[in-house]
Structure formats: structure tokens, C-alpha cells
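Fold and contact review
Next come the chains, spelled out residue by residue.
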Amino acid sequence: MAADPKQSEALRQIQSAFESAQQKMSELRKQVETHSALAQAKTQSDFLQKEKDRVLRDLGEAVFKQVQKGRLELPTSFAPLLKAIDQVQLKVEAQAREISDLLQEGEEAAQRLKQKNNGPAHSGVATRTKKL
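Notes on the structure follow. (Residues numbered from 1 in each chain as written. Predicted model: local features only at pLDDT ≥ 70, side-chain atom pairs only at ≥ 80, totals over all residues. Heavy atoms only, no water.)

A separate point is the overall build of the protein. Helices and strands together make up the secondary structure of the protein, namely two helices and zero strands. Counting over 132 residues, the protein shows a buried share of 1%. Per element, the accessible surface of the protein, about 12,900 Å² overall, is 58% carbon and sulfur. (Helix = DSSP H or I, 4+ residues; strand = E, 2+ residues; numbered from the N terminus. Buried < 20%, exposed > 50% of the residue type's maximum accessible area, 1.4 Å probe, protein only. Areas by Shrake-Rupley, 256 points an atom, 1.4 Å probe, with all protein chains shown as cover.)

Where charged atoms of side chains with opposite charge meet at close range, the side chains can pair. Under the defined criterion, the tally for this structure stands at four salt bridges. Residue R12 pairs with E9 through a salt bridge whose shortest N-O separation is 3.3 Å. Here the residue R12 and the residue E9 both occupy positions in helix α1 (residues 5-69), the gap between them amounting to three residues, near one helical turn. For R12, a relative accessible area of 52% puts it in the exposed group. As a salt-bridge pair, D58 and R54 come within 3.3 Å of each other at their nearest N and O atoms. With D58 and R54 both in helix α1 and four residues apart, the pair spans about one turn of that helix. A relative accessible area of 33% means that D58 is categorised as partly exposed. (Salt bridge = Lys/Arg side-chain N within 4 Å of Asp/Glu carboxyl O.)

Let us look at α1. Spanning 65 residues, α1 covers 96 Å between terminal C-alpha atoms, matching the ideal 96 Å at 1.5 Å per step. Downstream of α1 by one or two residues, G70 has phi in the positive range, about 85°. (Expected span 1.5 Å × (residues − 1).)

So far we have only geometry, and geometry alone does not tell us how the molecule works.
This is the structure we're talking about:
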């Protein structure tokens, strides 16, 4: 029994399409693996950069404390940075005072409201009217 030529051609086309799909899938898999490796490398790079930033911040704070204590003298080229630190510290202190003032105002308002609510008790009887 001979195979129908139309069926043979259809099977070849199906086989060809299947092989093409497998090849594309293989290429996609490689691309996904490459992107995954890049993402992992980027994540590791970000982590290391954050660690570096933390260590530099700690170093800067340690040096600044030594300068404040007079144990370390920096070159004059660092003067603008030291002035910037002083300016930021002044702003931080002003902000802390502002927050404290706002909290104090809130506390005072709460106390006034509490006193108003706890004021003299009303008997429920109307007061006498004055004669004219």
C-alpha cells in the first residue's frame, strides 16, 4: 500500500514546522539564560555598590568625628565639604525644633480640648433670666 503523496507532503511540512519551532525554542531558551545571567550580575553589582557606599559613609563619619575631636586635620581643600556638613547640621537642628514646636502645639491644643470637655457640669436646668 503506497502512501498518499498529499499526506507525505503534509507530514513533511508538519515535521519541518516542528523542527523550526524546536530551533526557535532553543534560541529563546539561550536568550532567557543570557538575560538571567545579566540580571544576576546586575543584582550582584548593585549589592556591591551599596556595600561600597556604606563603607565610604562609615569612613567619612569616622574621619569627621576625628576632625571634630581635633585628632585629625584635613587639608584646606576639604573646607567646603566641612562647611556643607555644618550647614546641613544646622538645617537638621532647625527641622527638629520645628517638629518639636508642632508637637508641643498639638499637645497644648489637646489639653485645651480636654479641659473644655471636662469643664463645669451642666445641671440640665435653665439659668434664671434677669429682670430688666
